[in-house]
Amino acid sequence: MSSLPIQEHENKLSVIIPVYNVEKYISRCLDSIICQTYSNLEIICIDDGSTDRSYEILKEYASKDKRILIFKKENGGVSSARNTGLCQATGRYVSFIDSDDEIKKDTYQNVMNVFTDDIDVVWFGVDIRYNVHSDIKSSDNFYYKIKFSGKHKINDEMLLKSDCSALNKVFRLDTIKQNDMFFEGLIYEDFIFYHKIFSILKNVYFIKDKYYIYYRNEKSIMSNTFEKRENTAIHHIYALDYIYNFFIKKNILNDKKKIFEKLCLDCFYFAIIHSPVFEKSRCIWEMTKRLRSWDIEIDDTTLNQLKNGSNELFLIDIRTYDLISIVKKRIYSKISILLSKIKDAI
């Protein structure tokens, strides 16, 4: 295996951008990409049925930069748009960017400098800017923090400690296409994609620098989640079906049993905590139903309680957690107001 850095002239990078009603943000996103110091790019913009000026803006940019390719389709969601982009991509490597985000100028140059023949994916940090939900900044920082450095062999412990976003990573395109690693049409599609593709990759290179600039905006999926909107967080439980079926298809469920049980627990508690009160019982039933239907012997005590129908305990624990969460939010709000007043006085 060669360990020489990837040469720019022979290694095109496909950048896939789903675009839907982002006339306020798309210029910022495209400017950050066309100005990259790594120039061998194929910038694939998928207009997913926009009803504002997004498509016209894309055409303006494409007329000035031949690297920009535009594909227009009926609205089908982020997963559908990314899949269209993957089908059109001709690069050796691929990166995904949301149209209301941006990347720093030297991102791709620095990524490609460490991309050698024995590296399957390069993973870098995220700089989060808050238009909403700044109260979750500390948890965001922990979640997106790069906890490793340099080259590593991929393992389950590493995957459980790291973020599952598709946005702060550059992959080999042939790995995705050859293994049919397309995105599922489901909320939290990154979570499914992450656990599917990393189950077959071998080596990763971590860069701690925060190259991807992620804006937390209103009306995003995560905003709906944190506001406990109906039929949102529960999709974490639905996502487990896709991962289970993939592990079965690849005959790796026994090897992945430990991580799969951990995912079941994490998804269940996430769904319970972030769902509205009237939907919590449904979360319990959806999880129980899956544990009873999957062909897997469960070792975890909590999951076995769910499987066997001992659900009253969970409702008590959940109500207690909700009460604690409400108190913590109120305390945080009062502290923020107090700090603001102190700052103004100084």
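Residues numbered from 1 in each chain as written. Predicted model: local features only at pLDDT ≥ 70, side-chain atom pairs only at ≥ 80, totals over all residues. Heavy atoms only, no water.

A. Summary view of the overall build of the protein chain. Helix and strand content of the protein chain: 14 helices and nine strands. A fraction of 80% describes how many contacts in the protein chain between residues 6 or more apart in sequence connect residues 24 or more apart. Of the roughly 17,300 Å² of accessible surface on the protein chain, a fraction of 52% belongs to carbon and sulfur atoms. (Helix = DSSP H or I, 4+ residues; strand = E, 2+ residues; numbered from the N terminus. Contact = heavy atoms within 4.5 Å. Areas by Shrake-Rupley, 256 points an atom, 1.4 Å probe, with all protein chains shown as cover.)

B. Just the nonpolar core, in detail. Counting 100 residues, the largest nonpolar core has Ile17, Phe96, Phe171, Phe198 and Phe260 as its most contacted members. Ranked by residue count, the leading element in this core is helix H11 (residues 257-274), at nine residues. (Core = buried A, V, L, I, M, F, W, Y, C linked by side-chain atoms within 4.5 Å. Buried < 20%, exposed > 50% of the residue type's maximum accessible area, 1.4 Å probe, protein only.)

C. View of the pattern of salt bridges. Using the criterion set out here, one finds 22 salt bridges in the structure. With its nearest N and O atoms 2.7 Å apart, the salt bridge here joins aspartate 48 to lysine 73. Here aspartate 48, found in strand E2 (residues 41-48), pairs with lysine 73, found in strand E3 (residues 68-73); they are 25 residues apart in sequence, far enough to count as distant. Of the charged contacts in the structure, one is a salt bridge between aspartate 127 and lysine 104, with a shortest N-O distance of 3.7 Å. Highlighted residues: aspartate 127 in strand E6 (residues 121-130) and lysine 104 in the loop between strand E5 (102-103) and helix H4 (107-114), separated in sequence by 23 residues. Here aspartate 127 falls in the buried class, since its relative accessible area comes to 18%. (Salt bridge = Lys/Arg side-chain N within 4 Å of Asp/Glu carboxyl O.)

D. Expanded view of the environment of glutamine 109. Along the chain, glutamine 109 turns up in helix H4. Using a relative accessible area of 22% as the deciding quantity, one classes glutamine 109 as partly exposed. For the pair glutamine 109 and glutamine 36, spaced 73 residues apart in the sequence, the C-alpha separation amounts to 7.6 Å.

E. Examining the packing of helix H10 (residues 235-249) against helix H12 (residues 280-293) more closely. The N-to-C vectors of H10 and H12 enclose an angle of 15°; their axes lie 9 Å apart at closest approach. By the criterion of interaxial angle, the relationship of H10 to H12 is roughly parallel. In the crossing of H10 with H12, the sense of the turn from one axis to the other is left-handed. Between H10, through Ile237, Tyr238, Leu240 and Asp241, and H12, the contact on the second element is made entirely by Arg282, Cys283, Glu286, Met287 and Arg290. Residues belonging to the contact of H10 with H12 are distributed by class as follows: five nonpolar, no polar and four charged. (Axes fitted to C-alpha atoms, helices over the stretch in contact; angles between N-to-C directions. Parallel < 35°, antiparallel > 145°, perpendicular 65-115°, else oblique. Left-handed = near helix turned anticlockwise from the far one by under 90°. Nonpolar A, V, L, I, M, F, W, Y, C, P; charged D, E, K, R; others polar.)

F. Structural detail: the environment of isoleucine 207. Tracing the chain through its elements places isoleucine 207 in strand E9 (residues 203-216). On a C-alpha basis, the gap between isoleucine 207 and glycine 125 in space is 6.8 Å, while along the polypeptide they are 82 residues apart. Setting aside residues up to four positions removed in sequence, isoleucine 207 forms contacts with Asn110, Val111, Val114, Val122, Trp123, Phe124, Gly125 and Ile146.

G. Broad picture of the packing of helix H1 (residues 26-34) against helix H2 (residues 54-62). With their axes 10 Å apart at the nearest point, H1 and H2 run at an angle of 25° to one another. It follows from the interaxial angle that H1 and H2 lie roughly parallel. Pair H1 / H2 crosses with right-handed handedness. Here Ile26, Ser27, Leu30, Asp31 and Ile34 of H1 come into contact with H2, specifically with Ile57, Leu58 and Tyr61. Residues that form the contact of H1 with H2 fall into these classes: six nonpolar, one polar and one charged.

H. Examining H11 more closely. The end-to-end C-alpha distance of H11 is 26 Å, a good match for the 26 Å that 18 residues give at a rise of 1.5 Å each. Those residues of H11 that sit buried are Ile259, Phe260, Glu261, Leu263, Cys264, Leu265, Cys267, Phe268, Ala271, Ile272, Ile273 and His274. (Expected span 1.5 Å × (residues − 1).)

I. Region of interest: the state of the cysteines. By the definition in use, this model includes zero disulfides. Unpaired in terms of disulfides, cysteine 45 finds its nearest cysteine sulfur in cysteine 29, a separation of 7.5 Å. Accessibility expressed as a relative area gives 0% for cysteine 45, which makes it buried. With no disulfide of its own, cysteine 267 lies 7.2 Å from the sulfur of cysteine 264, the closest cysteine sulfur. Here cysteine 267 falls in the buried class, since its relative accessible area comes to 2%. (Disulfide = S-S within 2.5 Å.)

J. Representation of the packing of aromatic side chains within the structure. Summed over the entire model, instances satisfying the criterion amount to 21 aromatic pairs. Ring geometry for tyrosine 93 against phenylalanine 115: centres 4.6 Å apart, planes inclined by 45°, an arrangement best described as tilted. On the criterion of sequence distance, the pair formed by tyrosine 93 in strand E4 (residues 93-96) and phenylalanine 115 in the loop between H4 and E6 is long-range, its members being 22 residues apart. For tyrosine 93, a relative accessible area of 0% translates into the label buried. Since its relative accessible area comes to 0%, phenylalanine 115 is described here as buried. Taken together, the ring pairs connect Phe96, Trp123, Phe148, Phe171, Phe183, Phe193, Tyr194, Phe198 and Phe206 into an aromatic cluster. Above the ring of phenylalanine 183, the side-chain terminus of arginine 82 is found at 4.7 Å from the ring centroid. The positively charged end of lysine 147 is found above the aromatic ring belonging to phenylalanine 142, 4.8 Å away from the centroid. (Phe/Tyr/Trp six-rings, centres within 6.5 Å; stacked < 30°, edge-to-face > 60°. Lys NZ or Arg CZ within 6 Å of the ring centre and 35° of its normal.)

Remember, this is a structural readout, not a statement about activity or role.
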